[in-house]
Each structure stands twice: as C-alpha cells, then as structure tokens.
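Commentary on secondary and tertiary structure
Each chain, letter by letter, is given below.
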Amino acid sequence: MKKNLLILLSLFLISLFAYTNAWAVREGGSFVFCAPYGGDVFSLDMHRTGNTQDYIVGLNIHRSLYKWDASQNKPVPELATEIKTTDGGQTYIVTLRKNIKFHNGRGMTADDIIYSYNRIMNPKTASSATAYVKPIKGAADVQAGKATAISGLSKIDDYTLKIEMENPTELGYLLYKIETAIIPKEEVVSKGERFGSAPVGCGPFKFSKWVKGSEIVLEKFDDYYEEGRPYLDKLVYKIMPEGSARDMSFRAKELDANLLGGAQYQVYQKDPELSGNMVEVAEMYTRLVGFNMNYKPFTDKRVRQAFNYALNSELIIKKLLKNKAFRATSFLPSTSPAFNPKLAPYEYNVEKAKKLMAEAGYADGFDLEIIGTNSQSYGVRVIEAIIPFLKKINIRVKPQQLEGGMLSQRLIKGDYQAFIWSLESGPDPLVALNRFDSKTLPSAGNYVAYSNPEFDKYLDLARKTGNQTQKLVYLTKADAFLHADAPLWFFNYNKAIIAYQPWVHGIKPVAIEMMLQDFTNLWLDETSPRANVK
Amino acid sequence: MGAYVIKRLLQFIPTIFFITLIMFILLNILPGSAAYLALDQRKAPDPELIAQLEKEWGLDKPLPVRYLNYIKGLAVGDLGKSFLRKENVSQLLADRIWPTFKLALASIAIAVFIGVPLGFISAIRHGTPLDTLSMVGAVSGISVPQFWLGLLLMFFLSVKIRIFPTSGYGEGSIMNLILPALSLGVGYMALIARTTRAAVLDVLTMDFIRTARSKGLSELQVNSRHVLQNTMILVLTTIGLQFGSLIGSTVVIEKLFSWPGIGSLLVDSIYQRDIPVTQGCILLIILTFLIVNLVVDLLYAVIDPRIKYQ
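Everything numeric here is computed off the predicted structure, so don't read it as measured data. Counting of residues starts from 1 at the beginning of each chain's written sequence and follows it residue by residue. Chains and ligands are labelled by the order in which they are written, letters from A for the one and numbers from 1 for the other. Local features in this predicted model are restricted to residues of pLDDT 70 or higher, and side-chain atom pairs are both shown and tallied only at a pLDDT of 80 or more, whereas totals for entire chains, interfaces and linings draw on every residue. Side-chain numbers come from the whole structure's heavy atoms, not from hydrogens or water.

1. Thoughts on the overall build of chain B
Just so we agree on the cut-off: The numbering of helices and of strands both runs from the N terminus, where a helix is a DSSP run of H or I of at least 4 residues and a strand a run of E of at least 2. For every residue, the accessible area obtained with a 1.4 Å probe (protein chains only) is divided by the maximum for its type, and the residue is called buried under 20%, exposed over 50%, and partly exposed between those limits. Any pair of residues with heavy atoms lying within 4.5 Å of one another is described as a contacting pair. Residue exposure ignores everything except the shown protein chains as possible cover, and the areas themselves are Shrake-Rupley values with a 1.4 Å probe. By the counting scheme adopted, Arg and Lys are positive, Glu and Asp are negative, and His together with the chain ends is not counted. Charge positions come from single atoms, namely NZ of Lys, CZ of Arg, CG of Asp or CD of Glu.
Across its full length, chain B holds 12 helices and 0 strands. From first element to last, N terminus to C terminus, chain B shows the α and β order α-α-α-α-α-α-α-α-α-α-α-α. Looking at the 310 residues of chain B, the share that counts as buried comes to 53%. Sequence separation of at least 24 residues holds for 73% of the intrachain contacts in chain B that already meet a minimum separation of 6. A total accessible area of about 14,600 Å² is found for chain B, and carbon and sulfur atoms account for 71% of it. Averaged over its 26 positive side-chain charges, chain B has a centre that lies 8 Å from the centre of its 19 negative ones.

Put into structure tokens, the structure is as follows:
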C-alpha cells in the first residue's frame, strides 16, 4: 500500500513538473542573434538573393509552402494543411490553410503561390531559386522565355492548388527553401526594387528596421496563423562577421546566441559555464578533395583509393580543425536520410595505400597540384597538413591558393588536377548525388567530371520508383558505390555549433544550415536582461 | 585664391579619370565570374541563371563598351546599380558616408586633442621623465595593431566592466562611437604627438625664438605665439594626410565593430565581386583624399601669412 502511494505520489510530482515546465513557456522579450557570414545582408527579397546571410533573417519574415522540421530532419507542409500525391510525386493537390495573412493584412490564397513561383521563373527576376521551381511542369519554358506562366500550376479554388511535375519528385525537398517564399504581388509591384529592403511576408515576424551594415530589427506579427506564436516580441539580428567580436558580445551578454568558430569551440567546451548551453549538428555540407577524372593518375580507381587510405583524417580533424567536424564516410552526410551507418570510412592504412599505388603502376608516385581557397576548414591550410601523409606514398603535393571566383572558374573548365572545397550534400539525397550523374555537366556542379554508368543506374532507379523507401535504398547503394569508386577524398561534414545564453529556450540543431533558425517557438525566461524589452 | 581653387578642382578631373580607368580594368579583368560568386558556391549552380545574371549586370558586353557606359554614367553623376543589393550605388554611399565620417572625425579629434598637447609638452620638457614616458606611450600607440587594440578595449570596457556596448551603431549613440574611435585614433594620436614634438624641438632652436625671449616675452607668450604657430604647418600636413588614410583604414575597425560605414561596404563588395559598389567606394575615398589635401593647402595660407596662392 505504502509502495503504491509512493508510486502515485511520484507520478503526481512528475506530471506537476511536466505541467509547470509547459506553463513555464514565457511570452515577450527581445532576442538578439547574429548574422555571422561574410558581410552585410543584401536583400530580404528571398527570390532575388543568393546570400545565406539574407536567408537567416528572411526565414523569420517569410514562409514557404513547406518548412524544414529540425526535429524530424525533413521538410513538412507549412502553409498547407494537406499536400497529397496519388501518383508517386507526379501530381500534387495542395490544400492551403485559410487563416494565413500577409503583414499588410491581406489573406493569402492560391493566387499568391502561383504568382510567387512564376516570379521566380521569370527571366527578368534572375532568381536564385530557379532550381527549386524548375521541376514543375512548364517552369523551364518560362525561364527560357517560351511561356509567360508555369503550365503545371493550376488553381482549383482560392485554397486548393494543383501542381504537376515534369517527373515524379518529392515536392517538399524543393519548396521548403526560403528562397521560394510566398510573397504578396501588390507589395512587389508598388515597392519595386525597394521590396528587398522593406519586405512583406507572412512569417511570424514583420520587418521593422534595418541599419544597413549593422543590424536588422523584426517585430512580432500579431496575426500570425499559429495561435499564440511567436513568443518573442522582438527579434534583432546583429551583422557580425568577426568571430572574436561575436565572442565578446556573447560574453558581455549582448548576444543571446552565437555561432562558434573552431578556436572558440575549444575554449567554450572547457568552460563549465558555457559548455552546457551548446547545440551541435552535422551540417549537410561535405568537405572533400575532388580528383580530376581526366588527369591521368586519377583515371585509375586504385590511385584514388590509395589517396583515401593514405590520410589520417581523424588526426587532421582533431589537431587542425580542433574537432569542429565529423569524419566523412562517403558523400552523403550522417544527417542524410540515405546515409548508411554501417558503411565504414576509409581506414588510415599506409601499407595498403602503397600497395594500391604499386598495383596501379605509380610506386614512384606523381606530382599533384591541389587548388583551394584560404578557408580555414576546407582550404589550402588542410592541403598543407596532408602533404607529409601523401609524401609517404610518393604523391608530391603542391598547394595553390586561389580566390573563390577564380577557383570556381577553374573547376567549371576542368582546369585543375585536384581541388579542396565544401559541397552541399543534402537534404534531398537524390539532388545531392545527381551532381555526380554523368549527364550533369561541370558547369552544373559535376566538377570532377564523374561518369560511371553503374552509378547512373542507381540514380535512374531512384528517380523512377514511386516508393520512398525503395528510393532511399537505391540512393544508399549509389552513395556506397561512390565511396568505393572514390572520385573524392571524403574528408568531413561540418560540425556547426551554436552557443546560447542560459535563459534561451528553443535553439535547434538545423542540419541544412545551422544558422537557419526558425524562432516561432523560441522563448526567453525572466532571467534574460531583455526579458521585457518590446 | 579663388582662381587657385578652381585650378586645383580642375586638376581633379584627369586624376579621377586616370584612377577610374585603372580601377575599372583591374576589377573587371579579375578572373572568375561575379554571377557565380553571387550564389552559394557550395550548391550545384544553375547555368541558365548564371547567364541571366550576367546579362542583367551587363557583364555579357565587351570590356570597352562597359567602360564607356560607366564613364557616361559617371559624367552625369550616375555610379551605377549594385549587383547584389539592387540599389543605386550613390544611395548606398550616401547612407554609409556619415557613419564613416563621424568615426574618422572622432578619431582625428582624439588624435589632435591628446596628441598635439602631448607632443608639445614633451618637447618643452625635453629630456625629462615626462618626455620619455609620453614618447614610450606614443611609440606603443603607433605599434599596436588597431584590430587587437579594438579587441582589448572590447574585452576590458565591454565585457569586464560593462561601460560601452561591444559593437554596433546603436542609432548613432556616442557610447557606440567611443570604442571604435579610440581603436582607430590611438595610432594617429601617437603619430601626431611625435610629429608635434619633433616640430616644436626644431622651432625652439630657431633664431626668432631667441629674439623673442631676449625682447622679454614670457615663456607662455613665446610658446603660444611663436612656437605653436610655427609648428602648426607640419602638424596640419600630418593631420591632413592622415585623415585621408584614416578613411581607408576604417575598413578593419568598421568590420570589427559592425560599424555601418564605407569601409565595411567596400570589403563586402570586394568579397562578393559587386563591382559597381567597389568602384563607388574607391572613388569616394579618393575624392575625400583630394578634397582634404586641398583644404589643408588652403589652411596653410590662413596659418602662415607668408604663403599666398595665385
């Protein structure tokens, strides 16, 4: 009896704790975040910018048809209550939410979606989002100037829309991108070019103020369609490209959360006050060395494999990158749905590497120039670290540092022997691996000019099957094939880390890009120095 | 005087023409496409989009045509449109010039109001511990990298003792201005202190100082009327030259303190290959340099009646 009572009491306490915790969610306050990349925010017109920094801010002003769900690690419908397909992704019927309002007060309908996608494909817009809308039937014709409207988009009624695709496609992976934001036509028309600096969207926060080069302020949008959200009254983005300055601001408690660089990561880990409040994730960017498949030594698979065996990647990650990276197995990152955890990364085995080199007829090695940028994590600095490893198998490496623009030009032309770079490897594994399809040109991202019919076969099977599980099986096989065929040195997946203040609740591990934090559900407790700032 | 100013202003035209030519060629022959750089290079590029962007930005036209268009625009005050920000360059510059100017003025004010008296006293008290101390300070001031000094100031005055905000423009608040202005101004202060000291020491050995003293003027009168006035030419030249280079060196400090000025705009535009903005920023910096030098030359005549412009 006593035991039963004790159990009941503990159950009561647990539920009380859970209840108070739920109750503890607090509304109000101002959250100060950073925009840490490169430089300024350029434009908040999501259709017309290719700058990640702009998406970080735009994500909380705008909304797309889908959104990225960090906890499920996949896209989910956002502006729609239901998105159905009955033919394996060839046709979709979208049922929109009826309570969505733009920041100018007008309700959103199917016309706004049709307008937004047509605007993206219009050649005059020169939108960076074309790749995501292009798979819709007739979209490519609009881009080429052959049609004025996308034929695959048809309105059934104000809140129902039919989307027809060119080929069966997973729509969510395309239209979750904030670059495909739904925007009100009347605002774009009346503001013209100024729309980018005074945007109107239908997201949880509305645009308030922008001190160019310094900060952007957003305010809570009271008519946001999710009841009781967002919790915050105000959201401030400080444009802070300098890691050390961000660190100072974070320590001075002026920033509520901060993206960490390698040097700070080490220091924060050792600091008991800071180490508890960090979120980290393997981002869907794979850092690699690409081998030019037309450079004689790399035409032999054994040489490419030997390169992978000869390098102690773990040691380089630990010593040079200060553990701010996850060891890569193949091209797809560990956060990809087609990642195979059973596949082992290339082991560090110099003897095996030497043997493979000898078998390929390169016992005496060869000279190799590797081009790269000044990036700390995937640039010439890494190449300098691998020189002694490759010397053991007689590959004599000469690094050459280039500026980003020059590097991409040489990659497109195939004017290199090997390069070091970071390539997007998610979230859709099919799009990620499509880069290495023999039909993909170097100018469209197949920089190594990879061409293997067996690999293409897996991709074709994945494209044609209407079954999602089967699709992932084919893609896992394709990734394993790429791993064995080794057109790349699979180095690492970026480990992105955000440190946050103890009063912040709701920073998520966003694998597509850590800084793309949706603040709809974020809240601050009363210990925040800005808990009551409006 | 008026004729002299007009002559000098006319001389600006060939200077600017020459500089724009060099600048235009250098920025436009750089390998690599601005359109590729405008997109996230980690993503697979869309070749059709690249072509669209190049067309929109006029990069598909031959170099001479582009230069001609640029010069035509320049002649009517049109600096072009930013590739990435979709705004007119002149508007972008107009938004950013005041913060940079304010920062440069505050730094020069710190440099002059501390540097000149420091150098003057050091020279008057030549050889005393005070002289040694201030000159050691001055040498350290010149040697300290601005970036590092900025971080130190941030650490002590924003993190340890929370007096000033670490960074940002703060709607033009003076509290936000102090740290960047100090980081930028200390080096110039040291330079001005050393220049003033050397100039004063030089003037003190002149015959007219001995004459002034022998006719019974007090030390205060000698220093204020004769020494100070005669050292001002050299000090003013230094200030003028430094002001020009100060605008250029705001780059580092503006980046560190997230200061929304011309310097940070210039760096961003260079990295992103936003050619019209880069050209606009460089042009503005050069113009500032030319104007400041002209003003300094004109001030010579005010300070020293022996100098006359015809």
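2. Overview of the interface of chain A and chain B
It is common to report an interface's size as the accessible area lost on association of the parts. The condition is simple: Throughout, the accessible surface (probe 1.4 Å) given up by two parts as they are put together, summed over both, is called the buried area. Note on definitions: salt bridges are taken to be side-chain nitrogens of Lys or Arg within 4 Å of carboxyl oxygens of Asp or Glu.
Counting from both sides, the interface comprises 61 residues of chain A and, opposite them, 47 residues of chain B. With both chains or domains summed, chain A and chain B bury close to 4,300 Å², and 50% of this area falls on carbon and sulfur atoms. A per-residue breakdown of the area chain A buries against chain B is headed by Phe42(A), Lys212(A) and Met248(A), which together make up 15% of the total. Between the two partners, chain A and chain B, sit 11 salt bridges.

3. Concerning the packing of aromatic side chains
Threshold: Ring pairs are drawn from Phe, Tyr and Trp, using the six-membered ring of Trp, whenever the two centres fall within 6.5 Å, and their geometry is named by plane angle: stacked under 30 degrees, edge-to-face over 60, tilted for the rest. A positively charged side chain is recorded as over a ring if its NZ (Lys) or CZ (Arg) lies within 6 Å of the ring centre. The angle to the ring normal must also be within 35 degrees.
Taken as a whole, this structure holds 31 aromatic pairs over all chains when the rule is applied. Ring centres of Tyr348(A) and Phe389(A) lie 5.9 Å apart, and the angle between their planes is 85°; this geometry places the pair in the edge-to-face category. Taken as a pair, Tyr348(A) in the loop between strand S13 (325–327) and helix H13 (350–359) and Phe389(A) in helix H14 (residues 380–391) lie far apart in primary sequence, 41 residues in all. Judged by relative accessible area, Phe389(A) falls into the buried class, the value being 11%. These aromatic residues form a ring-pair network of at least three members: Phe291(A), Tyr295(A), Phe298(A), Phe307(A), Tyr362(A) and Phe366(A). A cation over a ring is seen here: Lys457(A) above Tyr458(A), with NZ or CZ 5.6 Å from the ring centre. Just above the ring of Tyr285(A) sits the side chain of Arg42(B); from NZ or CZ to the centre is 3.8 Å.

4. Details of the environment of Val296(B)
All names here are of chain B. Relative to the assigned elements, Val 296 resides in helix H12 (residues 275–303). Classification of Val 296 as buried rests on a relative accessible area of 8%. Each C-alpha atom, one on Val 296 and one on Leu 241, is 8.8 Å from the other, the two residues being 55 residues apart in sequence. If we skip the residues at most four places from it in the chain, Val 296 touches Leu 236, Thr 237 and Gly 240.

5. So, helix H1 (residues 2–29) of chain B
Residues and elements named next belong to chain B. This is how it is decided: Expected helix span is given by 1.5 Å per residue-to-residue step, counting one fewer step than there are residues.
Its 28 residues place the ends of H1 41 Å apart at the C-alpha level, agreeing with the 40 Å of an ideal helix rising 1.5 Å per residue. Of the residues making up H1, those classed as buried are Tyr 4, Arg 8, Phe 12, Ile 16, Thr 20, Met 23, Phe 24, Leu 27 and Asn 28. The elements touched by buried residues of H1 are helix H4 (63–75) and H12.

6. Considerations on the packing of helix H7 (residues 146–160) of chain B against helix H10 (residues 219–256) of chain B
Residues and elements named next belong to chain B. Our working rule: For helices, the axis comes from a line fit to the C-alpha atoms of the stretch in contact; other axes are also lines fit to C-alpha atoms, and the angle between any two N-to-C directions lies between 0 and 180 degrees. When an angle is under 35 degrees it counts as roughly parallel; over 145 it counts as roughly antiparallel; between 65 and 115 it counts as roughly perpendicular; any other value is oblique. We call a crossing left-handed when the near helix sits turned anticlockwise from the far one by less than a right angle, and right-handed when that turn is clockwise. Note on residue categories: nonpolar means Ala, Val, Leu, Ile, Met, Phe, Trp, Tyr, Cys or Pro, charged means Asp, Glu, Lys or Arg, and polar means any other residue, Gly included.
Axis separation between H7 and H10 bottoms out at 10 Å; the angle between their running directions is 30°. The angle between H7 and H10 places the two elements in the roughly parallel class. Two packed elements cross with a definite hand, and for H7 against H10 that hand is right-handed. Of H10, the residues touching H7 (which contributes Gln 146, Phe 147, Gly 150, Leu 151 and Met 154) are Ser 249, Val 252, Ile 253 and Leu 256. Here the contact of H7 with H10 is composed, by residue class, of 6 nonpolar, 3 polar and no charged.

7. Describing the sheet that holds strand S6 (residues 153–157) of chain A
Residues and elements named next belong to chain A. To keep things clear, this is the line we draw: In this description, strands pair whenever DSSP reports at least two bridges between them.
Taken in spatial order, the 4 strands make up an open sheet running S4-S5-S7-S6, and their pairing is antiparallel. One side of each edge strand has no neighbouring strand; the edge strands of this open sheet are strand S4 (80–85) and S6. This sheet shows a mean twist of 20° between the axes of neighbouring strands, independent of strand direction. Along the sheet, helix H3 (residues 110–121) makes contact with strand S5 (91–96), S6 and strand S7 (160–164), crossing S6 at roughly 170°.

8. Structural notes on helix H3 (residues 47–56) of chain B
Let me state the cut-off plainly: Arc, as used here, means the arc of the directions from the helix axis to the C-beta atoms.
Three or more residues of H3(B) are buried, namely Leu49(B), Ile50(B), Gln52(B) and Leu53(B). Buried residues of H3(B), viewed axially, fall in a sector of 160°; they line one side. Turning to H3(B), the residues buried within the fold contact helix H4 (130–133) and helix H5 (139–143) of chain A together with helix H2 (34–38) of chain B.

9. A closer look at a positive patch on the surface
All names here are of chain A. Test applied: Patch membership requires more than 30% relative accessible area and the absence of a salt bridge. Residues of like charge join within 9 Å; the nonpolar side chains Val, Leu, Ile, Met, Phe, Trp and Tyr join within 5 Å.
Taken together, the side chains of Lys 270, Lys 318, Lys 319 and Lys 322 present a region of like positive charge at the surface. Tracing the backbone through its elements, the reader meets Lys 319 in helix H12 (residues 313–319). Looking at Lys 319, the relative accessible area reads 54%, which means it is exposed.

10. Considerations on the pattern of salt bridges
Residues and elements named next belong to chain A. Evaluation of the coordinates by the stated rule reveals 49 salt bridges over all chains. Taking the shortest distance from any N to any O, the salt bridge between Arg 48 and Glu 193 comes out at 2.9 Å. One end of the pair, Arg 48, is in the loop between strand S1 (30–35) and helix H2 (52–58); the other, Glu 193, is in the loop between helix H7 (185–191) and strand S8 (205–211), and 145 residues separate them in sequence. Given a relative accessible area of 34%, Glu 193 falls into the partly exposed group.

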